[in-house]
Amino acid sequence: GENVEQHPSTLSVQEGDSAVIKCTYSDSASNYFPWYKQELGKRPQLIIDIRSNVGEKKDQRIAVTLNKTAKHFSLHITETQPEDSAVYFCAASYFGNEKLTFGTGTRLTIIP
Amino acid sequence: GAGVSQSPSNKVTEKGKDVELRCDPISGHTALYWYRQRLGQGLEFLIYFQGNSAPDKSGLPSDRFSAERTGESVSTLTIQRTQQEDSAVYLCASSLLTGLTYEQYFGPGTRLTVT
């Protein structure tokens, strides 16, 4: 089955700086890679996703890049703000298998 | 519209008792998932329902865990003879699998404490 590894487990950055979270996956058949954000005491929510037919996707201050050859994908948050503090989970799946395999999460703390 | 709802929000039970957790998915969502999240940990897949297909039970940790779903609506997760290690937040999610995205919409979770 699919195995997703996520690094780092914790990350602290100064407000205004950029944050990068990286994930690797094992199943070369995976072609769908979402990122979920979970604020303290809240439910996880999708913030961005990417399909394997593109290498990068942006949405305002967040972007995701995908390297299919290396089987890794990354979340980039620019101009970080206090409200970006949360736990971020990456996941992988492929269309036809709707079960997501999640990474272990990254706790991001933005330092004012 | 209404999101995914779960009940109860909190459940405290004694070791050895059975518990039932309920999930109401978003209307029309064909896929339903259960996850377990221990304190400070990631999302552990438990079980997945999709339409009338046989559920994917590959994540259930033991035979004390079971789940049912009525058609494409309510689902219940049952834990028999609860143990202290079952203490966690149990999250339910639903999804409308359009072929473009598999976004899962999560419920608020049920916090289970086994004493």
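Right above here is the structure, for reference.
Residues numbered from 1 in each chain as written. Chains lettered and ligands numbered in written order. Predicted model: local features only at pLDDT ≥ 70, side-chain atom pairs only at ≥ 80, totals over all residues. Heavy atoms only, no water.

Enquirer: Would you explain the overall build of chain A in this entry?
Expert: Helix and strand counts for chain A stand at zero helices and 11 strands. Ordered by position from the N terminus, the helices and strands of chain A form the series β-β-β-β-β-β-β-β-β-β-β. Over its C-alpha atoms chain A spans a radius of gyration of 13 Å, differing by no more than 12% from the 13 Å that the globule rule assigns to 112 residues. Counting only C-alpha atoms and orienting by the principal axes, one finds that chain A spans roughly 40 × 25 × 20 Å. (Helix = DSSP H or I, 4+ residues; strand = E, 2+ residues; numbered from the N terminus. Rg over C-alpha atoms; globule rule 2.2 N^0.38 Å.)

Enquirer: Would you mind going over unusual backbone geometry with me for this structure?
Expert: Note: most peptide bonds trans; most residues except glycine with negative phi. Cis rather than trans, the peptide bond between A:His7 and A:Pro8 has omega equal to -5 degrees. Within the secondary structure, A:Pro8 is located in the loop between strand S1 (4–7) and strand S2 (10–14). With an omega dihedral of -10 degrees, the bond running from B:Ser7 to B:Pro8 counts as a cis peptide bond. Within the secondary structure, B:Pro8 is located in the loop between strand S1 (5–7) and strand S2 (10–13). The phi torsion at A:Glu79 lies on the positive side, around 45 degrees, for a residue other than glycine. Positionally, A:Glu79 belongs in the loop between strand S8 (72–77) and strand S9 (86–94). A positive phi angle, near 50 degrees, is found at B:Arg81, a position not held by glycine. With respect to the element layout, B:Arg81 can be found in the loop between strand S7 (75–79) and strand S8 (88–95).

Enquirer: What's the story with the sheet that holds strand S3 (residues 19–24) of chain B in this structure? I'm lost.
Expert: Two pairing modes exist for strands in a sheet, parallel and antiparallel, and in both the strands are linked by backbone hydrogen bonds. Residue and element names in this part refer to chain B. The sheet built from four strands is open, its strands ordered S1-S3-S7-S6 with antiparallel pairing. The open sheet has two edge strands with one neighbour each: S1 and strand S6 (65–69). For this sheet, the mean inter-axis angle between neighbouring strands, taken without regard to orientation, is 15 degrees. Where S3 lies against S7, five bridges are found, and the strand directions are antiparallel. (Pairing = 2+ DSSP bridges. Axes fitted to C-alpha atoms, helices over the stretch in contact; angles between N-to-C directions.)

Enquirer: Is there a simple way to explain the packing of aromatic side chains in this structure?
Expert: Two measures describe an aromatic ring pair: the distance that separates the ring centres and the angle between the ring planes. One pass over the full model with this rule turns up 13 aromatic pairs over all chains. Pairing A:Phe89 with A:Phe102 gives two aromatic rings, centres 6.5 Å apart and planes at 90 degrees, and the pair type is edge-to-face. Here the residue A:Phe89 occupies a position in strand S9, and A:Phe102 occupies one in strand S10 (residues 97–102), the gap between them amounting to 13 residues. In textbook terms, an aromatic cluster arises when at least three aromatic residues are bridged by ring pairs, as seen for A:Tyr36, A:Phe89, A:Phe102, B:Tyr33, B:Tyr35, B:Phe45, B:Tyr48 and B:Phe106. (Phe/Tyr/Trp six-rings, centres within 6.5 Å; stacked < 30°, edge-to-face > 60°.)

Enquirer: Is there a simple way to think about the side chain of B:His29 in this case?
Expert: Here B:His29 is to be found in the loop between S3 and strand S4 (31–37). Judged by its relative accessible area of 8%, B:His29 falls in the buried class. (Buried < 20%, exposed > 50% of the residue type's maximum accessible area, 1.4 Å probe, protein only.)

Enquirer: Looking at this structure, I do not really get the side chain of B:Asp86. What am I missing?
Expert: All names here are of chain B. Locating Asp-86 in the fold gives a position in the loop between S7 and S8. Take Asp-86: its relative accessible area is 1%, and that puts it in the buried class. Within polar-contact distance, the side chain of Asp-86 engages the backbone nitrogen of Gln-83 at 2.8 Å. (Polar contact = N/O pair within 3.5 Å; in protein donor to acceptor, adjacent residues only side chain to side chain.)

Enquirer: Sorry if this is basic, but what is going on with the sheet that holds strand S6 (residues 56–59) of chain A here?
Expert: All names here are of chain A. If you trace the five strands from one edge of the open sheet to the other, you get S1-S3-S8-S7-S6, paired in antiparallel fashion. In the strand order of this sheet, the two ends are held by S1 and S6, each with one partner. Across the sheet, the axes of successive neighbouring strands diverge by a mean angle of 15 degrees, strand direction being ignored.

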